[in-house]
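# Examining the three-dimensional arrangement
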Amino acid sequence: MQSTGVLEAKKKRADSSKPLLMKGPAKKMKRHWQLYLLILLPLAYIIIFKYIPMYGAQIAFRDFSPVRGFTGSEWVGLKNFSDFFNSPNFWILIKNTLIISLYSLAVGFPAPIILALALNEIRSMRFKKVVQMVTFAPYFISTVVMVSMIILFLSPRLGFVDLIVRMLGMESINFMGIPSYFSSIFVLSNVWQGIGYGAVIYLAALAGVNSELYEAAKVDGASRFQKVINIDIPGIMPAAIILLILNVGQIMNVGFEKIYLMQNPLNTSTSEVISTYVYKIGLLGANFSFSAAVDLFNSVINLILLLSVNYFARRVSDSSLW
Amino acid sequence: MNKSIAIRESLGDRLFLFLVYAFLAVVLIIVLYPLIYIVSSSFSSPRAVISGKVWLFPVEPSLAGYKAIFSNPQILTGYANSLFYTFFGVLINVSMTVMLAYPLSKSTFYGRGFIMLLLVITMMFSGGLIPYYLTVKSLGILDTRWAMLLPGALAVWQVIIARTFFQSTIPKELGEASELDGCSDFGFLWRIVLPLSKPILAVLVLMYAVGHWNAYFDALIFLKSQELFPLQIILRNILILNSIDASMMVDANQMAAMQGLRDLLKFSLIVVATLPVLALYPFVQKYFVQGIMIGSLKG
């Protein structure tokens, strides 16, 4: 106790050139002023491009006029929201959004896990590497190219899918024009593109599983399948739960870009989701306040989902985001 | 008794292993086949493509599609624009990311908890598309090249990855020692931290570069002038909206040939647009995997 006091006093003497009032944080900040200088520009970016739009989200409660800006327009309360809830599109949009996202979650979430578990089983490093390299590659394909590929493959005139359909003796099918096929095409192509990328984290988690567990299992005479069930799956659980929480938090944000590109006049009855609607009404139709309200509603639902799933995960397991 | 169990189990194991291999083989074929089909089609003749003769290898090999691409000024401009946006975008992205991530990695940095909170909030909640668009509009950069560089100048997720890397690989003692030697924070960052951080810099460059090369949404909402369009917008016009400038066709009188060339062009265009990323692929994959893992450390 005493010795620290002495040290403190020494320090004070040494720093006597600096004003005595600067203590604690202020002193630290002055000594590391260069770090604060560094952070200034990125911080300005965050405030301008992230926080000002958040502040601007209040136009959902206003009748926005571009001349008066975010805060100058008149308050209209919840009018924009009630307009949305009462519009005939409301339930269709909710339904389409939920179907596509729950379907994505149900198929897209386990797929990389299964791939990782399978890759973890095989001993041939060469084959493992080949499968990993090939399945990882589609991740780098841009959304525009991905959607063009889907349209080309499924086109009734030239796609190879059509070749297969005809080889099976069936009539050509215009896949992109049939509303009930839309969600499957969207979800399965997502799996095709993302499975290898998604498997990487799980492979890392599997590599971290204690090898003594496998030896113990061997001694106990467990089969390969039992090892997968009792060692591998619990081993990747923490990673899986975290990714699941993140996915659920995005449930209402199904990929705008891809869906928008995949839409055509024939399939809009199942392909119109909240984000594409916001874009069309808001930016193309210049109906700023209404579409901001739709968007805000969407963000709030997402946030609630994220918070509740995280809460739930913390209650039932050891893993959670925070 | 004991022996028979052992045999039965190993049989079961062998069957299981066989199923695993079969499953992986099927996955391999499903992922690989469309890629091969695209490349093979792009090197075939227009006639072979529209009559559905291509199924594995190129039929009647030709470079007609590629010739059409490289004689189209629109596509070339788009290519050049995408290179421009990718180069300068990555430059801005990586500098901004390091400028934010490095101070946040210092445990002595006062206010770091608060700034981290500010960052994490933006990952969970956003103002939405319309206020975002209006903000960019009020900055007066709509329909300029800045609109492709500034709004995406930083990705919070990459900041967190970089911060985690700095925290776990740059020993604290190094900073303290250099401070005693009178090295400034700038000097330490520039001369010590950055040279030691090549792996994470590579990860950032690659992730941001792939993002810029493939980006299409910002261009869709912020750009109106044709001459500013990145490749992805041109691709969308040609591949998805099916609008091809008639002047690019060699012989407009021959409708059939035109249609064939138009279809062939799509395959070649897909290859050409994906080439820059795929050329880097082996390199990219290694670092990407590293990046995903660093990111997952901190969940």
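Residue positions are counted from 1 within each chain, in the order its sequence is given. Just so you know, chain letters begin at A and ligand numbers begin at 1, following the order they were written in. Confidence filtering applies because this is a predicted model: local features only for residues at pLDDT of at least 70, side-chain atom pairs given and counted only at 80 or more, and all residues used for totals across whole chains, interfaces and linings. In computing side-chain properties, one takes all heavy atoms of the structure into account and sets aside hydrogens as well as water.

Take the overall build of chain B next. Here a strand is any run of E in DSSP of at least two residues, a helix any run of H or I of at least four, and the numbering for each starts at the N terminus. Along its length, chain B carries 15 helices and 0 strands. Type-normalised accessible area, obtained with a 1.4 Å probe on protein chains alone, sets the label of each residue: buried when under 20%, exposed when over 50%, and partly exposed for intermediate values. When each of the 299 residues of chain B is scored for burial, the buried share is 52%. Contacts between residues were defined by any pair of non-hydrogen atoms, one from each residue, lying within 4.5 Å. Looking at chain B alone, contacts between residues at least 24 apart form 71% of all its contacts between residues at least 6 apart.

We now examine empty space enclosed by the protein. Within this scheme a cavity is a closed region of a 1 Å grid, computed over the protein atoms alone, that accommodates a 1.4 Å probe without allowing it to escape, whereas a pocket is open but has protein on both sides within 12 Å along at least five of seven lines; lining residues each have an atom within 4 Å of a point. Grid points are joined across faces, edges and corners, and a volume is the space filled by probe spheres set on the points. A full pass over the atoms with the stated rule returns 1 cavity of 30 Å³ or more. In this structure, the largest cavity occupies an estimated 40 Å³ of space. As for the largest cavity, its lining consists of A:His32, B:Lys106, B:Gly175, B:Ser178, B:Glu179, B:Cys183, B:Ser184, B:Asp185 and B:Phe188. Elements with a contribution of two residues or more to the lining of the largest cavity: helix H9 (172-180) and helix H10 (185-196) of chain B.

Let us look at a nonpolar patch on the surface. Residues qualify for a patch when their relative accessible area is over 30% and they have no salt bridge, like charges being joined within 9 Å and the nonpolar side chains of Val, Leu, Ile, Met, Phe, Trp and Tyr within 5 Å. Areas reported here follow the Shrake-Rupley algorithm with a probe of radius 1.4 Å; residue values treat only the protein chains shown as occluding. What makes a salt bridge here is a side-chain nitrogen of Lys or Arg within 4 Å of a carboxyl oxygen of Asp or Glu, nothing more. Taken together, the side chains of A:Trp33, A:Leu37, A:Leu40 and B:Phe186 present a nonpolar region at the surface, about 400 Å² in accessible area. Per element, the largest residue contribution to the nonpolar patch is 3 residues, and it comes from helix H3 (residues 33-56) of chain A. If you trace the backbone, A:Trp33 turns up in helix H3.

Moving on, we come to helix H13 (residues 231-240) of chain B. Quick reminder: α-helices carry 3.6 residues per turn. Residues three or four places apart thus point the same way. Residues and elements named next belong to chain B. The buried fraction of H13 is high, at 10 of 10 residues. Among the residues of H13, those classed as buried are Leu231, Gln232, Ile233, Ile234, Leu235, Arg236, Asn237, Ile238, Leu239 and Ile240. Asn242 lies just past H13 and shows a positive phi near 65°.

Two elements in contact, helix H9 (residues 143-154) of chain A and H13(B), have axes whose closest approach is 9 Å; the angle formed by their N-to-C orientations is 10°. In terms of orientation, H9(A) and H13(B) fall into the roughly parallel class. Only B:Gln232, B:Leu235, B:Arg236, B:Leu239 and B:Ile240 of H13(B) make contact with H9(A), whose side of the interface consists of A:Val144, A:Val145, A:Val147, A:Ser148 and A:Ile151. Polar here means any residue other than Ala, Val, Leu, Ile, Met, Phe, Trp, Tyr, Cys and Pro, which are nonpolar, and Asp, Glu, Lys and Arg, which are charged; Gly is therefore polar. Considering only residue class, the contact of H9(A) with H13(B) consists of 7 nonpolar, 2 polar and 1 charged. Note on geometry: axes are lines fitted to C-alpha atoms, helical ones only across the stretch in contact, with angles between N-to-C directions running from 0 to 180 degrees. The cut-offs work like this: below 35 degrees is roughly parallel, past 145 is roughly antiparallel, 65 to 115 is roughly perpendicular, and the gaps in between are oblique.

Residues and elements named next belong to chain B. Reported domain spans reflect what an automatic or database domain assignment gives. Taken domain by domain, chain B holds domain 1 (11-42) and domain 2 (73-295). The interface of domain 1 with domain 2 comprises 5 residues on the first partner and 5 residues on the second. Buried area: the sum, over both parts, of the accessible surface (1.4 Å probe) that disappears when the two are put together. Carbon and sulfur atoms supply 82% of the area that domain 1 and domain 2 bury against each other, a total of about 420 Å² over both sides. Among the residues domain 1 hides against domain 2, the three largest losses belong to Ile38, Ser41 and Ser42. Together they make up 85% of the total. Along the contact surface separating domain 1 from domain 2 lie 0 salt bridges. Split by residue class, the side of domain 1 that touches domain 2 holds 3 nonpolar, 2 polar and no charged.

Right, let's get into the packing of helix H5 (residues 79-86) of chain A against helix H17 (residues 288-316) of chain A. Residue and element names in this part refer to chain A. The contact between H5 and H17 brings their axes to 9 Å, and the two run at 75°. For the element pair H5 / H17, the angle class is roughly perpendicular. Mapping the contact onto sequence places Asn80, Phe81, Asp83, Phe84 and Phe85 in H5 and Ser289, Phe290, Ala293, Val294, Leu296 and Phe297 in H17. For the contact of H5 with H17, a count of residues per class yields 8 nonpolar, 2 polar and 1 charged.

Accessible area lost upon the coming together of the parts serves often as the stated size of an interface. Counting residues at the interface gives 93 residues for chain A, matched by 92 residues for chain B. Counting the surface lost from both chain A and chain B, the interface buries some 8,600 Å², and carbon and sulfur atoms represent 79% of this. If you sort the residues of chain A by the area they bury against chain B, A:Leu38, A:Phe49 and A:Phe140 come out on top, with a joint share of 8%. Linking chain A to chain B there are 0 salt bridges. Top element by residues in the side of chain A that touches chain B is H3(A). It accounts for 19 residues. Looking at side-chain class alone, the side of chain A that touches chain B contains 70 nonpolar, 14 polar and 9 charged residues.

Right, let's talk about the layout of surface pockets for a bit. Rolled over the atoms, a probe as big as a water molecule pinpoints where empty space is left. Here the second largest pocket is characterised by a volume of approximately 760 Å³. Forming the walls of the second largest pocket are 26 residues, and the residues nearest its centre are A:Ile185, A:Leu188, A:Ser189, A:Trp192 and B:Ile30. For the lining of the second largest pocket, the secondary structure elements donating two or more residues are helix H7 (110-121), H9, helix H10 (160-167) and helix H11 (182-207) of chain A together with helix H1 (2-42) of chain B. Of the residues in the lining of the second largest pocket, the class split is 24 nonpolar, 2 polar and no charged.

A few words now on the UniProt feature "transmembrane region" (unreviewed entry) in chain A. Residue and element names in this part refer to chain A. UniProt positions are given in the numbering used here, feature names are shortened, and annotations may be inferred rather than shown by experiment. Look at the UniProt record and you will see "transmembrane region" (unreviewed entry) annotated at residues 33-52, 98-119, 139-161, 181-207, 228-252 and 296-313. Here residues 98-119 is 95% helix and 0% strand, with 32 Å between the C-alpha atoms at its ends. With 84% helix and 0% strand, residues 228-252 has end C-alpha atoms that lie 33 Å from one another.

Here we come to the environment of B:Leu239. Summarising the element assignment, B:Leu239 is placed in helix H13. Given a relative accessible area of 4%, B:Leu239 falls into the buried group. Measuring from C-alpha to C-alpha, the distance between B:Leu239 and B:Leu91 comes to 30 Å, with 148 residues separating the pair along the chain. What B:Leu239 contacts, discounting residues up to four positions off in sequence, is A:Ser148, B:Lys266, B:Leu269 and B:Ile270.

All names here are of chain A. A score from 0 to 100, pLDDT tells how confident the predictor is in each residue. Taken over all residues, the pLDDT of chain A has a mean of 85, while the share at 70 or more is 92%. In the model of chain A, helix H1 (residues 2-14) stands out as the element of lowest mean pLDDT, 50, in contrast to H7, which has the highest, 94. Ignoring residues within four places in sequence, the model shows residues 12-20, a span with pLDDT below 50, making 3 contacts including any to other chains.

Right, let's talk about the side chain of B:Ser197 for a bit. All names here are of chain B. Mapped onto the elements, Ser197 comes out in the loop between H10 and helix H11 (198-214). At 2.7 Å, the side chain of Ser197 forms a polar contact with the backbone oxygen of Val193. Contact partners of Ser197, with chain neighbours within four places excluded, come to Phe165, Phe166 and Ile170. In protein, a polar contact means a hydrogen-donor-capable atom and an acceptor-capable atom, both N or O and within 3.5 Å, with residues adjacent in sequence counting only if both atoms are side-chain atoms; elsewhere, any N or O pair within 3.5 Å suffices.

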